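If you want the building blocks of each chain, they are given just below.
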Amino acid sequence: MASVYKSVEKKVNGSSSSSSKDKRVNKQRVLMLSSRGIVYRYRHLLTDLEGLMPHAKKDSKFDTKNNLFVLNELAELNNCNNCVFFEVRKRQDLYLWMAKTPNGPSVKFHVQNLHTMDELKMTGNCLKGSRPILSFDKSFESAPHWALLKELLAQVFNVPKGSRRSKPFFDHVLSFSIADNRIWFRNYQVVEKNKENTPGFTSKDKGDISLVEIGPRFCLTVIRIFDGSFGGPTVYENQEFVSPNFIRAALRKDKIQKYQNRLQATDERKARIADTKMEESELSDRKVFQ
């Protein structure tokens, strides 16, 4: 019995010592998944982001697009406190949800100008699982909703120290910039000159750092910010956002109007020719050689 007690005591002491060594404060985990009907370009973007975020966990496709609050329970089952959901509409429009589960807030983006790493074929490269340096434009402090988005993006893309599959290196930069009322995402490699791989290296070049783009790249247009996770009261709504369905409908109406104008011009031309047509004489070529 004493030996059993000693073995249990060693286990308890070992677990307490291991828990005391774990000094991580930022224990963020991100659940990443997509809806049904996702196309290959958007699936490749999801794979690229998963490679940049070692603290993310990828799940199977989500069947419904209406009851998104179910994602809160799914994130809880996977022990995640953040969720990134790719919602695809009509197999051509990509909407990106970012939520702080289970209490919120959450934001819905429209993704545009998308280019995956396979499409770009940039020269930059970084170690898989390395921690990124997050760079935010100073415009994020210009309005309250931008400040809220900055905090949400920082919690989603920041890799916690000591998280699973992460490595203690900082060799790439995730840049978030605001231009044209949209968030521009870029990924850069941090390149430092050294004697081994840089010809003409001098002592003045020591510590010289440059950035080389890796990819992927895309733009996020804010549609609406909710107080809760995947729902709730609206905190901010972008009045300048125009739905891509409305844009396509307007383009179709323009094409229909052009076709109708062309038909109308053809009818007017025929009527004008009929009015100005002179009566043919009996010696005309058409009547003589018919």
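See the structure above.
None of these values were measured; they are calculated from a predicted model.

K.L.:
Hey, could you run me through the nonpolar core in this one?
P.N.:
What tends to happen in soluble globular proteins is that the nonpolar side chains get buried as a cluster. Counting 38 residues, the largest nonpolar core has L49 and F157 as the members making the most contacts within it. With 6 residues, helix α5 (residues 144–157) is the largest single contributor of residues to this core. When residues no more than four places from it in sequence are discounted, the contact partners of L49 are M32, F86, F157, F185 and F218. Judged by nonpolar contacts, the second largest core, of 13 residues, contains L31, L71, A75 and F226.

K.L.:
Just checking my understanding: could you explain the packing of aromatic side chains for this structure?
P.N.:
Both the distance between ring centres and the angle between the ring planes are used here to describe each pair of aromatic rings. Evaluated as defined, the whole model comprises 10 aromatic pairs. Ring centres 5.4 Å apart and planes at 90° place the aromatic pair F136 and F140 in the edge-to-face group. Among the residues examined, F140 registers a relative accessible area of 0% and is labelled buried. Where F136 meets F176, the ring centres are 5.0 Å apart and the plane angle is 15°; that geometry is what we call stacked. Residue F136 is found in strand β6 (residues 130–136), and its partner F176 is found in strand β7 (residues 167–179); the two are separated by 40 residues along the sequence. Classification of F176 as buried rests on a relative accessible area of 1%. Joined through ring pairs, the aromatic side chains of F136, F140, W146, F157, F176, F185 and F218 make up one cluster. Across the ring face of Y95, the terminal group of K108 is positioned such that the distance to the ring centre comes to 4.8 Å.

K.L.:
Would you take a moment to explain the pairing of strand β5 (residues 106–115) for this structure?
P.N.:
Both strand β4 (residues 93–99) and β5 contribute to a ladder of 5 bridges, which runs antiparallel. Along β5, the bridge assignment pairs M98 with V107. Taken together, β4 and the strand that follows it, β5, pair antiparallel across an intervening segment of 6 residues, in which G104 is found at a positive phi of about 95°. Inspection of the sheet shows β5 paired to strand β10 (residues 217–228) by 8 bridges, in the antiparallel sense. In the sheet register, H115 faces β10, and the bridge partner there is R217.

K.L.:
Whenever I open this one, the environment of R29 confuses me. Can you help?
P.N.:
Locating R29 in the fold gives a position in the loop between α1 (2–21) and β1 (30–34). For the pair R29 and M53, spaced 24 residues apart in sequence, the C-alpha separation works out to 9.4 Å. Leaving out residues up to four positions away in the same chain, R29 has contacts with H55, K57, N78, N79, C80, N81, N82 and R164.

K.L.:
Quick question: what am I supposed to make of the pairing of β10 here?
P.N.:
Successive residues of a regular strand alternate their side chains across the two faces of the sheet. Along β10, 9 of the 12 residues are buried, which leaves the element largely enclosed by surrounding structure. Across 3 bridges, the pairing between strand β8 (residues 182–192) and β10 is antiparallel. Opposite I183, over in β10, you have L220 as the bridge partner. Alignment of β10 against strand β11 (residues 231–237), held across 4 bridges, turns out to be antiparallel. By the bridge assignment, R224 is partnered in β11 with E237. The turn linking β10 back onto β11 is made up of 2 residues, and F230 within it adopts a positive phi angle of 60°.

K.L.:
Explanation requested: unusual backbone geometry in the structure shown.
P.N.:
Note: most peptide bonds trans; most residues except glycine with negative phi. Omega for the bond connecting G104 with P105 falls within 30 degrees of zero, at 5°, which places this linkage in the cis form. Along the polypeptide, P105 turns up in the loop between β4 and β5. Following G215, the chain continues into P216 via a peptide bond in cis, with omega recorded as 0°. Tracing the chain through its elements places P216 in the loop between β9 (209–213) and β10. We note that N79 has phi near 60°; this positive angle belongs to a residue other than glycine. With respect to the helices, strands and loops of the structure, N79 is situated in the loop between α3 (70–77) and β3 (82–89). Classification of N79 as exposed rests on a relative accessible area of 57%. Even without being a glycine, K121 presents a positive backbone phi close to 55°. Position of K121 among the secondary structure elements: in the loop between α4 (117–120) and β6. Overall, the relative accessible area of 68% leaves K121 in the exposed class.

Each value, and the rule that gives it
- Residue numbers here run from 1 along each chain, matching the order of that chain's written sequence.
- Thresholds applied to this predicted model are a pLDDT of at least 70 for local features of residues and 80 or more for the giving and counting of side-chain atom pairs; totals over whole chains, interfaces and linings are not thresholded and use all residues.
- Excluding hydrogens and water, the side-chain values take into account all heavy atoms of the structure.
- In this description, a nonpolar core means a group of buried Ala, Val, Leu, Ile, Met, Phe, Trp, Tyr and Cys residues linked to one another through side-chain atoms lying within 4.5 Å.
- Burial here depends on accessible area, computed with a 1.4 Å probe over protein chains only, as a share of the maximum for the residue type. Under 20% is buried, over 50% is exposed, and the range in between is partly exposed.
- For helices the rule is a DSSP run of H or I covering at least 4 residues; for strands it is a run of E covering at least 2, with both sets numbered from the N terminus onward.
- In this description, contact between two residues means that some pair of their heavy atoms is separated by no more than 4.5 Å.
- Pairing of aromatic rings covers Phe, Tyr and Trp, the last through its six-membered ring, and needs centres within 6.5 Å; plane angles under 30 degrees mean stacked, over 60 mean edge-to-face, and all others mean tilted.
- Whether a charge sits over a ring depends on NZ of Lys or CZ of Arg being within 6 Å of the ring centre and within 35 degrees of the ring normal.
- Between any two strands, pairing holds if DSSP finds at least two bridges.

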